[in-house]
Amino acid sequence: MERSPGDGSSPSPADQPSAPSDPPDQPPAAHTKRDLSSGNQPAGPGAAGEALALLTSFGRRLLVLVPVYLAGAVGLSVGFVLFGLALYLGWRRVRDEKERSLRAARQLLDDEERLTAKTLYMSHRELPAWVSFPDVEKAEWLNKIVAQVWPFLGQYMEKLLTETVAPAVRGSNPHLQTFTFTRVELGEKPLRILGVKVHPGQSKEQILLDLNISYVGDVQIDVEVKKYFCKAGVKGMQLHGVLRVILEPLIGNLPIVGAVSMFFIRRPTLDINWTGMTNLLDIPGLSSLSDTMIMDSIAAFLVLPNRLLVPLVPDLQDVAQLRSPLPRGIIRIHLLAARGLGSKDKYVKGLIEGKSDPYALVRVGTQTFCSRVINEDLNPQWGETYEVMVHEVPGQEIEVEVFDKDPDKDDFLGRMKLDVGKVLQAGVLDNWFPLQGGQGQVHLRLEWLSLLPSAEKLEQVLQWNRGVSSRPEPPSAAILVVYLDRAQDLPLKKGNKEPNPMVQLSIQDMTQESKAVYSNNCPVWEEAFRFFLQDPRSQELDVQILYLDSSEVHFPTVPGTPGAWDPDSESSQAGSSVDAPPRPCHTTPDSHFGTENVLRIHVLEAQDLIAKDRFLGGLVKGKSDPYVKLKLAGRSFRSRVVREDLNPRWNEVFEVIVTSIPGQELDIEVFDKDLDKDDFLGRSKVSLTAVLNTGFFDEWLTLEDVPSGRLHLRLERLTPRPTAAELEEVLQVNSLIQTQKSAELAAALLSVYLERAEDLPLRKGTKPPSPYATLTVGDTSHKTKTISQTSAPVWDESASFLIRKPNTESLELQVRGEGSGALGSLSLPLSELLVTDQLCLDRWFTLNNGQGQVLLRAQLGILVSQHSGVEAHSHSYSHSSSSLSEEPELWGGLPHITSSAPELRQRLTHGDSPVEAPAGPLGQVKLTVWYYSEERKLVSIVHSCRALRQNGRDPPDPYVSLLLLPDKNRGTKRKTSQKKRTLNPEFSERFEWELPLDEALRRKLDVSVKSNSSFMSRERELLGKVQLDLAEIDLSQGAAQWYDLMDDKDKGSS
């Protein structure tokens, strides 16, 4: 890189105006080269150097042909070579642009005054701020101080990165245990302050400064992961922005200023020159993506509303208020319309001019909103409203950018900027604003809303908001600011490992998360969270502490609920007392325990979705690849993607445990799946209040913020029932309505309340442990808090689990001590709950080590669906069991028929009755045949076989083959898995045929039980078969039946 003339010890040309200067395009070394060539210098070394340079140049050009040779050697097409060449040229272009930008910026900063005087014709953007604005002052004295301090700051940065950052990176991931900083140099180019602006009169208790900073440095930071021989780094960086510095509070003692706050008012511009493996980030596409990710990280730390606070005095008061002050006010932005926009869509290589598909980005600081896309309209009408928090006046700006939506890269149509101070002065601004960098105008209505510290006018605000039409969100009546400071003594993870805690705060469907603090059970967050509230009287704040990479919720923080952590209760339970209360016999859970319900969400289908896929530059319109995203109670679900369909059918079922907290909403969004960014297809919301009250919801929802589209959604509240009489029917119904695309449906809800433990083993013989407990069912776990130093901890925590198969699952309890390992465990099969009264056990349980007991309540509730559309039958003579449907309903358009007693007995001769009919000579197969009207599919479940025939010495390897006659092609054939060497195989496999009901009634189902004849033969041995005429079967019942297998002389193949 060229060194500036002013860097040497000799006087610069600017100091000698009488001396002639070189032309700008000629390097200073040209004179030296000409003088040397005219002297009597030996020719040998020069000729050798030229020959070496020629050979080097030839070798480099020869290396270019190596990829072409390798591609031909492995048989790749020329397209791979061209693609690689295009990537290299793009990477080279981005690198050259960055290097030119760095050289130009360094030249400007090296001799700012001379170049400013010489290039007054430069664009207004390139001039320093002190030239453009008279209230911005130069601060050369400050730059000299920074230059003097810069080497020492480099030493501090090297120490910080090598001693603090590197160990943290190595501890965050086992693959990065060899991560090291091999080089840390801030370079010789210090940060420069181009101008300083002081804002007088803002407040008598603070000093407000705006520093226009510019860093064009030769910084070099290299990192290496030795385990993978990976090297990467940064060599050169540009950072430009306006840094606001606030000196407050002003105090009467030294050092006069209590603290310094600093932040960027707007996102600074960043340009990084990568080295090593990170050179790949300079590939077009990745370059902007990497810079954006880094800027997002900087914005989360140093861009409003985030700020860096440096206290200058000890015991500073109101640190939280200084670090996260309340907003100055709220601006309600009404994005109404635009007119006269430019046309960007062109077809047939520009021969046909179209219109544009405009949308707008509204940005205030880090708050960004995107409007919906208006297709093919140069005068779009949006009519959308957004609310933003304003933290600094003056300084922050409202920025609106308009783009034309395209399949590849969106075209820029113009932007406008407005200082928020003008909105504060006017109160209400309703104007057409011209777009800069394009053509047209945008219509905005801006309202300034002040924040009141009392609720006196809340009812008046709510009444006013009812008359305000606002989309996509209703208008807000208040804001809530939560400052999250720290936590202490969080429980450790398994193996006494330090947790990675984070905090999740939710108000209805608005959820915000804190940063994760790695390997620390006493985390310090010092973060602020801000929420808009539509009605503060009915909304609640839910705070949960989560561990990263774990689904465990450790501390429910709603006051008064089981599991709320009361620090005072810990001290009261530690140790022992002479006047200790008598040992309780049963638990005393909170009144809300066991009141949860299960919401079953059935996403059926959608219609008239908008087409987002476009080909050939928009000339050819395609369809969409839609999927659905659901958000409820802090959980998210996502459906599968249906390819190229504007009327997709998903038919997927999701389940979530819900409480009766008012104001909950199900948030639904539909997207089009794309390779880069998924396109928005619409949204809708469903209030759970009516669903939880009525128990059922089945409607077509109109999708909002899109021209067309609607979604068919079915919601059902399942209330747990404390009886096992209907469990078999529930399992049967679940197997019938279970879709192949969804997870297995829950048959029960298990609620567990863990109150306390006693007589836990002491640590090292004398010291009491610090116990915690883990409750696990299947893949779901819940971990309690840790009680410090006691052998009789009181936890008072509850957890709920969805149970798929209550007959086989079990509750696992482990009690461990912090730093002392396992203290005891308990395994409680849920089958024990099924035989108890009210499906509940509430007592002391002895831990398996023989030392220690726990007091817990385990309560099971069977989830009975009232709207499944299926009538299951319990195959028993017991008069207590009944159909799942308590009310007569229509099923799939067929009349609901109540079976008479003779018909029921006839079915029970093939069913699981207490006195079962003997199997035939060839055995029996158990089948369920049913027509599922929701999916318009014929469903058959192959449960099992029994008493099959054994022809040879060894038992057969049976499987079941199904064929839907009269078709014998592969499209109607289904086959189960093969079971090894058994006469009583269990299959429990489901098969489907998509066809109308009237056509299904004309078919016959051919069921064959076969076995492999030998290892070397493809021939299959027929063990027996049965043929079912579907017209003679009541397909609405869905009852499992045993069928006798018959002989067949013909042997088929699989």
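Bear in mind the structure is a predicted one, so any value in this text is a computation, not a measurement. (Residues numbered from 1 in each chain as written. Predicted model: local features only at pLDDT ≥ 70, side-chain atom pairs only at ≥ 80, totals over all residues. Heavy atoms only, no water.)

A. Structural context of the overall build of the protein. Across its full length, the protein holds 16 helices and 50 strands. Considering only residue pairs separated by 6 or more positions, the protein has 65% of its internal contacts joining residues 24 or more positions apart. When the accessible area of the protein is evaluated, it comes to approximately 56,100 Å², of which 54% is carbon and sulfur surface. (Helix = DSSP H or I, 4+ residues; strand = E, 2+ residues; numbered from the N terminus. Contact = heavy atoms within 4.5 Å. Areas by Shrake-Rupley, 256 points an atom, 1.4 Å probe, with all protein chains shown as cover.)

B. Fine view of the sheet that holds strand β28 (residues 635-638). Strand order in the open sheet made by the 4 strands is β28-β27-β30-β31, with antiparallel pairing throughout. If you trace the sheet from one side to the other, it starts and ends with β28 and β31 (679-687), each paired once. Across the sheet, the mean angle separating the axes of adjacent strands is 15 degrees when strand polarity is ignored. With 4 bridges connecting them, strand β27 (residues 626-632) and β28 associate as antiparallel partners. Of the residues in β28, the one forming a bridge with Leu630 is Phe637. (Pairing = 2+ DSSP bridges. Axes fitted to C-alpha atoms, helices over the stretch in contact; angles between N-to-C directions.)

C. Molecular detail of the environment of Asn496. Along the chain, the position of Asn496 falls in the loop between β18 (478-486) and β19 (501-507). Counting along the chain gives 320 residues from Asn496 to Arg816, while the straight-line C-alpha distance between them is 9.6 Å. Apart from the residues lying within four places of it in its own chain, the contact partners of Asn496 are Gly817, Glu818, Gly819 and Ser820.

D. Molecular detail of the nonpolar core. Ranked by size, the top nonpolar core spans 36 residues in total, and within it Leu750, Leu813, Val815 and Val854 carry the most contacts. Beyond its immediate chain neighbours, meaning those up to four positions away, Leu813 contacts Leu754, Ala773, Thr774, Leu775, Gly824, Ser825, Leu826, Val854 and Leu856. Counting residues in each nonpolar core, the second largest holds 30 residues, with Leu599, Leu609, Val656 and Leu688 among its members. (Core = buried A, V, L, I, M, F, W, Y, C linked by side-chain atoms within 4.5 Å. Buried < 20%, exposed > 50% of the residue type's maximum accessible area, 1.4 Å probe, protein only.)

E. Structural context of unusual backbone geometry. Here the amide bond leading from Leu254 into Pro255 is cis, since omega sits at 10 degrees, within 30 degrees of zero. Considering the arrangement of structural elements, one finds Pro255 in the loop between β4 (230-247) and β5 (259-264). Residue Pro966 is reached from Leu965 by a cis peptide bond, and omega for that bond is 10 degrees. By the secondary structure assignment, Pro966 is in the loop between β45 (958-965) and β46 (973-975).

F. Geometry of the sheet that holds strand β17 (residues 441-449). With antiparallel pairing, 4 strands are arranged side by side in an open sheet as β13-β8-β17-β16. In the strand order of this sheet, the two ends are held by β13 (381-390) and β16 (428-434), each with one partner. Strand-to-strand twist of the sheet, defined as the mean angle between neighbouring strand axes without regard to direction, takes the value 20 degrees. Across 8 bridges, the pairing between strand β8 (residues 329-339) and β13 is antiparallel. Bridge pairing in β13 links His334 to Thr385.

G. Structural detail: the side chain of Thr776. For Thr776, the position within the fold is in strand β36 (residues 771-777). Of the polar contacts made by the side chain of Thr776, one reaches the side chain of Ser781; its length is 3.2 Å. If sequence neighbours within four positions are ignored, Thr776 has contacts with Ser781, Ser810, Leu811 and Glu812. (Polar contact = N/O pair within 3.5 Å; in protein donor to acceptor, adjacent residues only side chain to side chain.)

H. Inspection of the pairing of strand β12 (residues 367-370) at higher detail. Relative to β12, strand β11 (residues 358-364) is paired through 4 bridges, and the arrangement is antiparallel. Residue Val364 lies in a different strand from β12, and its bridge partner there is Gln367.

I. Up close: the packing of aromatic side chains. Under the counting rule described, the total for this entry stands at 10 aromatic pairs. With a centroid separation of 5.5 Å and 40 degrees between ring planes, the pair formed by Phe637 and Phe654 is classed as tilted. Residue Phe637 is found in strand β28, and its partner Phe654 is found in strand β29 (residues 649-658); the two are separated by 17 residues along the sequence. Judged by its relative accessible area of 12%, Phe637 falls in the buried class. (Phe/Tyr/Trp six-rings, centres within 6.5 Å; stacked < 30°, edge-to-face > 60°.)

J. Examining the confidence of the model for the protein more closely. Per-residue confidence for the protein averages 77 on the pLDDT scale, and 77% of its residues sit at or above 70. Ranking the elements of the protein by mean pLDDT puts helix α15 (residues 901-908) last with 32 and β17 first with 93. This model gives residues 120-125 a pLDDT under 50, and the stretch forms 1 contact once residues within four places in sequence are excluded. Throughout residues 551-580 the model reports pLDDT below 50, and contacts reaching past four residues in sequence, or to other chains, amount to 55 contacts. (pLDDT = per-residue confidence, 0-100.)

K. Up close: the pattern of salt bridges. Using the criterion set out here, one finds 38 salt bridges in the structure. Two residues, Asp410 and Lys405, come together in a salt bridge whose shortest N-O distance is 4.0 Å. Between Lys1025 and Asp1006 there is a salt bridge, with the nearest N and O atoms lying 3.4 Å from each other. With Lys1025 in strand β49 (residues 1020-1029) and Asp1006 in strand β48 (residues 1004-1012), this pair connects stretches of sequence that are 19 residues apart. Judged by relative accessible area, Asp1006 falls into the buried class, the value being 7%. Through salt bridges with shared partners, one network takes in Asp210, Arg244, Arg307 and Glu392. (Salt bridge = Lys/Arg side-chain N within 4 Å of Asp/Glu carboxyl O.)

L. Inspection of the side chain of Asp404 at higher detail. With respect to the secondary-structure elements, Asp404 resides in strand β14 (residues 397-404). A polar side-chain atom of Asp404 sits 2.7 Å from the main-chain amide nitrogen of Asp357. Leave out the neighbours within four places in its chain, and Asp404 touches Lys344, Asp345, Ser356, Asp357, Pro358, Tyr359, Asp410, Asp411 and Leu413.

M. How the structure looks around the pairing of β17. Relative to β17, β8 runs antiparallel, the two being bridged by 9 bridges. Looking at β17, one finds that His334 is bridged to Arg445. For β16 and β17, the ladder comprises 7 bridges, and the chain directions are antiparallel. By the bridge assignment for β17, Trp432 is matched with His443.

N. Inspection of helix α13 (residues 727-737) at higher detail. The buried fraction of α13 is high, at 8 of 11 residues. Listed as buried for α13 are Leu727, Glu729, Val730, Gln732, Val733, Asn734, Leu736 and Ile737.

O. Summary view of helix α10 (residues 458-466). Those residues of α10 that fall on the buried side of the exposure criterion are Leu458, Leu462 and Asn465. One side of α10 holds all its buried residues, which, seen down the axis, span an arc of 65 degrees. Exposed and facing more than 90 degrees away from the buried side of α10 are Gln460, Gln463 and Trp464. Those residues of α10 hidden inside the fold are in contact with β8. (Arc of directions from axis to C-beta.)

P. Examining the environment of Leu1023 more closely. Here Leu1023 lies in strand β49. Considered as a pair, Leu1023 and Gly923 are 100 residues apart in the sequence and their alpha carbons are 8.7 Å apart.

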